[in-house]
Amino acid sequence: MRSIWNGAISFGLVSIPVKLMNATENHSLSFRQIHAADGGRIRYRKVCELEEKEVSGDEIGKAYEDADGSMIPITDEDLAALPLPTAKTIEIVAFVPASEIDPLQMDTAYYLASNGTPAAKPYTLLREALRRSRKVAVAKFALRGRERLGMLRAVDDVITLHGLLWPDEIREPDTVAPGADVSVRDAELDLADALMDTLGDVDLDSLHDDYREAVEAMIAAKVEGGGASAPAEPADTGGKVIDLMAALESSVRAARKAHGDEEGDEGGGEGEGAEVTPLKRPSGSRASRTSPSGKSASGRAASGKSASGKAASGGGRGGGASAKESAAGARKSTAKKTPASSSESPARKSTAKSTAKTAAKSASGKAASSSGGRGAAKKSTGGEAGKAAKSSAKPAARKTAARGRSSA
């Protein structure tokens with residue numbers, strides 16, 4: 001890396017010899033002007049207006065143009081005689097937090113390298129002091145014939161110098177801001193925050209100049225004898241934005257979809273058709289999701305609970321299985337007798353439902369009574385006691401029937 005300036009950093013009474021090197025480079029492709037008819041090169045020639053002839057670089061000097069158009073010659077000796085203490089020195093004038101430097105003032109960046117072995121120790125001292133204090137140094141230096149303002153900061157193991165514009169070189173944005181009073185609602189700010197959170201961070205190393213790569217590919221195709229590539233389709237921006245809230249919501253959904261495509265599904269086994277999480281509007285309520293049949297999830301849960309309650313009350317311990325089988329058989333027979341169709345009236349549907357419920361209840365009751373009878377028979381001490389009870393019950397029943405007929 002070639003140095004473009006040699007000097008020293010003035011740090012109080014400490015002097016650090018350094019070399020200045022460009023920290024950035026321009027990768028933009030430059031084009032030459034040609035004569036379109038024959039491809040001849042167009043060149044700019046430096047011609048003296050008085051003699052009307054071309055002059056070489058050795059014959060060209062500098063001059064200041066006065067307000068009346070007259071030229072005042074300025075020589076290199078005149079500039080060298082000016083009192084410029086920063087001609088070969090980067091003079092640190094203050095240490096301030098980096099937040100106090102307006103990014104609008106940032107200009108070209110340079111690397112500062114220690115010049116020689118004796119400079120390694122003070123160079124490292126200044127670098128570590130900048131890093132530990134979390135501050136930057138404001139300095140003045142001279143480069144290419146004029147004094148400049150700069151900022152020193154520690155980047156990894158190197159001290160960098162950023163050229164700064166002078167404060168009076170920053171224009172005031174008087175006519176740039178919107179003229180009319182514009183109010184922004186909290187709901188719009190919430191959606192804007194959601195969009196910012198969805199886009200998240202970016203690795204700056206992953207960004208590159210797509211346009212330059214396309215130009216290079218086009219030039220390579222022309223060198224190989226191919227024609228120009230087909231123009232790319234312009235991106236569909238959706239036209240004119242009318243509803244700001246709708247545009248923000250669409251942007252958040254698109255960002256979430258792109259984020260999911262890049263980092264994979266975060267739902268843990270969801271398919272490709274997984275829906276994007278619906279946005280919550282800052283104001284208002286959202287209707288509950290309903291199934292295609294029109295029943296809500298809560299309604300389905302309630303009907304499930306009531307069905308389980310009916311099944312539990314249908315029979316005892318011994319007859320629970322038979323009650324379920326009888327109820328299922330009753331429903332099947334009722335469904336066969338009254339098939340459901342899309343053309344049935346609501347009255348016929350409700351009649352079929354009530355018939356099925358009645359059959360299920362009666363089947364459950366029979367199963368419960370049969371299970372209860374079997375349980376009582378098991379609890380009796382013997383068959384003879386049961387027969388005696390039945391025989392004693394028959395005369396009593398006959399007497400009761402006779403009393404009823406006589407009274408009638």
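Just so we're clear, the structure is a prediction, and the values are computed from it rather than from any experiment.

Caption draft 1: Spotlight on the pattern of salt bridges. The final tally for this structure, using the stated rule, is seven salt bridges. The salt bridge involving Glu54 is made with Arg45; its shortest N-O contact spans 3.5 Å. Using a relative accessible area of 47% as the deciding quantity, one classes Glu54 as partly exposed. Arg45 sits in the exposed class, given a relative accessible area of 56%. Of the charged contacts, one joins Lys53 and Glu51 as a salt bridge, the two residues approaching to 3.3 Å between their closest N and O atoms. Taking the relative accessible area as the measure of exposure, Lys53 reaches 44% and is therefore partly exposed. One salt-bridge network, held together by shared partners, links Arg127, Glu128 and Arg131.

Caption draft 2: Representation of the nonpolar core. With 20 residues, the main nonpolar core has Ile9, Val18, Ile90, Leu112, Leu152 and Leu161 as its most contacted residues. Elements with a contribution of two residues or more to this core: β1 (5-11), β2 (14-22), β7 (89-97), β8 (106-114), α2 (120-133), β9 (135-143) and β11 (158-164). Considering each element in turn, this core owes the most residues, four residues, to β9. Beyond its immediate chain neighbours, meaning those up to four positions away, Ile9 contacts Val14, Ser15, Ile16, Val18, Ile90, Ile92, Leu112, Leu126 and Leu152.

Caption draft 3: Region of the structure containing the pairing of β9. Counting buried positions along β9 yields seven of nine residues, so the element is predominantly enclosed. Pairing geometry for β7 and β9, over six bridges, is antiparallel. Paired with Val96 across the bridge in β9 is Val136. Pairing geometry for β9 and strand β10 (residues 146-155), over seven bridges, is antiparallel. Within β10, the position partnered with Leu143 by the bridge is Arg146. Here β9 folds back onto β10, and the loop between the two strands holds two residues, one of which, Arg144, carries a positive phi near 55°.

Caption draft 4: Seen up close, the sheet that holds β8. Pairing within the closed barrel is mixed, and its seven strands lie in the order β1-β2-β8-β11-β10-β9-β7. Strand after strand, the sheet turns through a mean of 40° between neighbouring axes, direction not considered.

Caption draft 5: Quick peek at the environment of Ala109. Of note, Ala109 is situated in strand β8. Look at Ala109 and you get buried, because its relative accessible area is 14%. For the pair formed by Ala109 and Met21, sequence separation is 88 residues and the distance between their alpha carbons is 9.0 Å. Once residues lying within four places of it in the same chain are set aside, the contact partners of Ala109 are Asn22, Ala23, Thr24, Leu161 and His162.

Caption draft 6: Structural context of a nonpolar patch on the surface. Taken together, the side chains of Leu29, Phe31, Met218, Ile219 and Val223 define a hydrophobic patch exposed on the protein surface, amounting to about 480 Å² of accessible area. By secondary structure assignment, the location of Leu29 is in the loop between β2 and β3 (47-48).

About the thresholds
- Residues numbered from 1 in each chain as written.
- Predicted model: local features only at pLDDT ≥ 70, side-chain atom pairs only at ≥ 80, totals over all residues.
- Heavy atoms only, no water.
- Salt bridge = Lys/Arg side-chain N within 4 Å of Asp/Glu carboxyl O.
- Buried < 20%, exposed > 50% of the residue type's maximum accessible area, 1.4 Å probe, protein only.
- Core = buried A, V, L, I, M, F, W, Y, C linked by side-chain atoms within 4.5 Å.
- Helix = DSSP H or I, 4+ residues; strand = E, 2+ residues; numbered from the N terminus.
- Contact = heavy atoms within 4.5 Å.
- Pairing = 2+ DSSP bridges.
- Axes fitted to C-alpha atoms, helices over the stretch in contact; angles between N-to-C directions.
- Patch = residues over 30% accessible without salt bridge, like charges linked within 9 Å, V, L, I, M, F, W, Y side chains within 5 Å.
- Areas by Shrake-Rupley, 256 points an atom, 1.4 Å probe, with all protein chains shown as cover.

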